Amino acid sequence: MRAVVYEQANVVVVRGWADPEPGPGEVLLRPVLTGVCGTDHHLLAGGFMATYPLIPGHEIVAEVVAHGPEVDPASVARVAPGSLVAVDNADVCRSCEYCRRGRPLYCRNFRSLGCNAPGGFAELMVAPARKCFALAGIGPEVAVLTEPLACAMHGADMLALTPGSDVLVLGAGPTGMLLAQLLLHGGAARITVAAPSPHKLELAGAFGADETVLLPRAGQDAAYEKLKALAPSGFDVVVEATGAPDVLSRCTGLVGMGGTVMVYGMADADAMVPFSPYDIFARELTIKGSFAQIDCFDRAILALQTGRVRTEGIVTHSFGLGDFEQALGATRLPGAVKAVVDPQR
Ligand SMILES: [Zn+2]
Ligand SMILES: [Zn+2]
């Protein structure tokens, strides 16, 4: 088969790779649409949990080709050959101290297809049958957002929003916009989205954001003043959904007394941000993280099936495997929000 391969940090090729064979409990899959995400940049740069050589691609919609041995009867019925599934890329060992403590997301042996195991930028792949979710009623172009929405679902879990909260989301990438919608439906009294791209802000507005504020990449002071004017006593919650340290460094200044900053975007592992410990102490601020997801796929699919979370306009560009490097750079194209790869094209 052909696959995108990260040979080592900063070296990406499209080349032949041995066809995978499903092991016990696994299914053989033919990826039909795989989303490109900021994590794919971090993995190529040598960050996150990259192990080389790596077939990236963790936002996967695939067709089931065949079952391997020992697939349980319930999974056989649920994901019959020919059915279209969203693949939950995250899996855990169930035996380390965190798994045994009921905190599987912190698994010592966290396995993530497309991050530290072969993923979906390939003509074929394998995954545990129990990690494949049938897609009744939604097509690949919507279902490809299942993994980002599952991560947003976990973000909403972590935030445990108080109804009536005044929420600011910094960043209007796909995950920021999906999380903003969950918070909108999860009780926020007002959602403000700030980001550097006018077309993304327009989309955020169409998805229900009450206020949108253009946050240019340079000379941001005026934009931050505008945000402060919107909430003179500070927002209840500020979600940092860009991964940019300079954006995060502004967040505590935007929350009110007793407010919460959630670090939702992925920064480089060695990035540092200065905070005032006195400010966090005296105003009783909370800073919390939200990392990936575990077992959020069924809720994400239901929200996509009902249309409660809207996706139209998020996927703007589509590429074949051979054009992977273009796909990786597509977010810089004018009007781009998210690129996907069709590995069978
Ligand atoms: Zn992703
Ligand atoms: Zn574990």
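All values derive from a computational prediction rather than experimental measurement.

*Asks:* Explain the packing of helix α4 (residues 146-159) against helix α5 (residues 174-185) to me, please; I cannot follow it from the model alone.
*Replies:* Packed helix pairs are characterised by how far apart their axes lie and by the angle those axes make with each other. In the contact formed by α4 and α5, the axes pass within 9 Å of each other and the chain directions differ by 50 degrees. In terms of orientation, α4 and α5 fall into the oblique class. In this structure, the crossing between α4 and α5 has a hand that is right-handed. Contact with α4, carried on its side by Pro148, Leu149, Ala152, Met153, Gly155, Ala156 and Leu159, involves Thr175, Leu178, Leu179, Leu182 and Leu183 of α5 and no other residues of that element. Classifying every residue of the contact of α4 with α5 by side-chain character gives 10 nonpolar, 2 polar and no charged.

*Asks:* Just to check I follow, could you spell out the state of the cysteines for this structure?
*Replies:* Think of a disulfide as a covalent bridge from one cysteine sulfur atom to another cysteine sulfur atom. Here the structure, examined in full by the defined rule, presents 0 disulfides. Free of any disulfide, cysteine 115 has its nearest cysteine sulfur in cysteine 37, 8.1 Å distant.

*Asks:* Before we go on, may I ask you to explain the domain arrangement of the protein chain in this structure?
*Replies:* Frequently, the measure chosen for interface size is the accessible area that the parts lose on association. The domains assigned to the protein chain are domain 1 (2-145 + 314-342) and domain 2 (150-289). Of note, the centres of domain 1 and domain 2, computed from C-alpha atoms alone, are 28 Å apart. Facing the 10 residues of domain 1 at the interface are 11 residues of domain 2. Carbon and sulfur atoms make up 73% of the surface buried where domain 1 meets domain 2, a total of about 960 Å² over both sides. Of all residues in domain 1, His42, Ile314 and Val337 give up the largest surface area on contact with domain 2, accounting jointly for 54% of the area buried on that side. The interface formed by domain 1 and domain 2 contains 0 salt bridges.

*Asks:* How should I be thinking about the environment of glycine 171 in this particular structure?
*Replies:* Mapped onto the fold, glycine 171 is located in the loop between β10 (166-170) and α5. Sequence-wise, glycine 171 and isoleucine 314 are 143 residues apart; in three dimensions their C-alpha atoms are separated by 14 Å. Those residues in contact with glycine 171, other than ones at most four positions away along the chain, are Gly176, Val193, Ala194, Ala195, Ala241 and Thr242.

*Asks:* I keep staring at the sheet that holds β10 and nothing clicks. Help me out?
*Replies:* Note on sheets: strands pair through backbone hydrogen bonds, and any given pair is parallel or antiparallel. Taken in spatial order, the 6 strands make up an open sheet running β12-β11-β10-β13-β14-β15, and their pairing is parallel. The two strands at the open ends of the sheet, each matched to only one other strand, are β12 (211-214) and β15 (286-289). Direction aside, neighbouring strands of the sheet carry axes that sit 20 degrees apart on average. Judged from the 5 bridges that link them, strand β13 (residues 235-240) and strand β14 (residues 255-263) form a sheet pairing that is parallel. Across the sheet, the residue bridging to valine 238 is valine 261, located in β14. Lying over the sheet, helix α6 (residues 198-206) contacts β11 (190-195) and β12, oriented at roughly 175 degrees with respect to β12.

Parameters at a glance
Residues numbered from 1 in each chain as written. Chains lettered and ligands numbered in written order. Predicted model: local features only at pLDDT ≥ 70, side-chain atom pairs only at ≥ 80, totals over all residues. Heavy atoms only, no water. Axes fitted to C-alpha atoms, helices over the stretch in contact; angles between N-to-C directions. Helix = DSSP H or I, 4+ residues; strand = E, 2+ residues; numbered from the N terminus. Parallel < 35°, antiparallel > 145°, perpendicular 65-115°, else oblique. Left-handed = near helix turned anticlockwise from the far one by under 90°. Contact = heavy atoms within 4.5 Å. Nonpolar A, V, L, I, M, F, W, Y, C, P; charged D, E, K, R; others polar. Disulfide = S-S within 2.5 Å. Domains from an automatic or database assignment. Buried area = accessible area lost by both parts, 1.4 Å probe. Salt bridge = Lys/Arg side-chain N within 4 Å of Asp/Glu carboxyl O. Pairing = 2+ DSSP bridges.

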